[in-house]
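Report on the structure
Take a look at the letters that make up each chain.
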Amino acid sequence: MHDAVADGMDVGQARDASDPRLGRALEGLRVADGYHTEVNLAAEDWVGEAAEVFERGLVTVIDYGLVEEAYYAPGRGDGTLRGYRNHRLVEDLYTGIGETDLTAHVNFTRLARA
C-alpha cells in the first residue's frame, strides 16, 4: 500500500488495481454494495515460490485467517485490516505511525488454492 499520509490515498486503496490477478481473485464474488475487503496477491506469489523449491514436502502456515465462506461473510463488510496500539484496537490506522501494528486476516481458501 502507498503511504496514505504522503499521497492522499484512502486506507485500503490498492497499490495496483490494474493487476489482472485482482479481477480474477474477485470473479464470482457476491457481496453487498459498500463491502470492503483485502486481497493478498503477494501471499499467493509466496506459495508459488515455495512450491518451486520443493519436489515434495509440506508447508504449514500459521496466522490469523478464515476460510473463504467466513472471510466474505456479510458481517465482515468492513474487511479485516486492523490497527493495534498499546494492545488496543485503533480506528485511525495512520495515527501513531511507527507505534501502530497493522494486521489483516489471511484467506486460507485462496492460499490453499495457490
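For clarity, every value in this text was computed on a predicted model and none was experimentally measured. (Residues numbered from 1 in each chain as written. Predicted model: local features only at pLDDT ≥ 70, side-chain atom pairs only at ≥ 80, totals over all residues. Heavy atoms only, no water.)

1. Points about the environment of Leu 102
Here Leu 102 shows up in strand 4 (residues 101-103). Through-space distance from the C-alpha of Leu 102 to that of Tyr 84 is 6.6 Å; in sequence the pair is 18 residues apart. Once residues within four sequence positions are removed from consideration, Leu 102 is found in contact with Arg 82, Gly 83 and Leu 93. (Helix = DSSP H or I, 4+ residues; strand = E, 2+ residues; numbered from the N terminus. Contact = heavy atoms within 4.5 Å.)

2. Focus: the pattern of salt bridges
The full count for this structure, using the stated rule, is five salt bridges. The partner of Arg 21 in a salt bridge is Asp 19, and the shortest N-O contact between them spans 3.1 Å. Arg 21 sits in the partly exposed class, given a relative accessible area of 28%. Through salt bridges with shared partners, one network takes in Asp 19, Arg 21 and Asp 45. (Salt bridge = Lys/Arg side-chain N within 4 Å of Asp/Glu carboxyl O. Buried < 20%, exposed > 50% of the residue type's maximum accessible area, 1.4 Å probe, protein only.)

3. A word on unusual backbone geometry
One non-glycine residue with positive phi stands out, namely Asn 86, at about 55°. Tracing the sequence through the fold places Asn 86 in the loop between strand 2 (82-85) and strand 3 (88-90). The exposure class of Asn 86 is exposed, given its relative accessible area of 65%. Non-glycine residue His 87 carries a positive phi angle of around 65°. Here His 87 shows up in the loop between strand 2 and strand 3. By relative accessible area, His 87 is classed as exposed at 84%.

4. Considering the pairing of strand 2
Bridge count for strand 2 against strand 4 is three bridges, and the pairing is antiparallel. Of the residues in strand 4, the one forming a bridge with Tyr 84 is Asp 101. In terms of strand pairing, strand 2 meets strand 3 through three bridges, oriented antiparallel. Residue pairing for strand 3: Arg 85 is matched across the bridge by Arg 88. Hairpin connection between strand 2 and strand 3: a loop of two residues separates the two successive antiparallel strands, and Asn 86 in this loop has a positive phi of roughly 55°. (Pairing = 2+ DSSP bridges.)

5. Considerations on the side chain of Asp 19
Relative to the helices and strands, Asp 19 resides in the loop between helix 1 (4-7) and helix 2 (20-26). Take Asp 19: its relative accessible area is 18%, and that puts it in the buried class. Among the polar contacts made by the side chain of Asp 19, one reaches the main-chain amide nitrogen of Arg 21 at a distance of 2.9 Å. (Polar contact = N/O pair within 3.5 Å; in protein donor to acceptor, adjacent residues only side chain to side chain.)

6. Some remarks on the sheet that holds strand 3
Spatial strand order, 3-2-4: three strands in an open sheet with antiparallel pairing. Unpaired on one side and paired on the other, strand 3 and strand 4 mark the two borders of the sheet. Strand-to-strand twist of the sheet, defined as the mean angle between neighbouring strand axes without regard to direction, takes the value 40°. (Axes fitted to C-alpha atoms, helices over the stretch in contact; angles between N-to-C directions.)

7. Some remarks on helix 3 (residues 41-53)
Between its first and last C-alpha atoms helix 3 spans 19 Å; for 13 residues at 1.5 Å apiece the expected length is 18 Å, and the two agree. Within the sequence span of helix 3, burial applies to Leu 41, Val 47 and Ala 50. Taken together, the buried residues of helix 3 touch helix 2 and helix 5 (108-113). With a side-chain oxygen positioned 3.1 Å from the backbone nitrogen of Ala 42, the residue opening helix 3 is Asn 40. (Expected span 1.5 Å × (residues − 1).)

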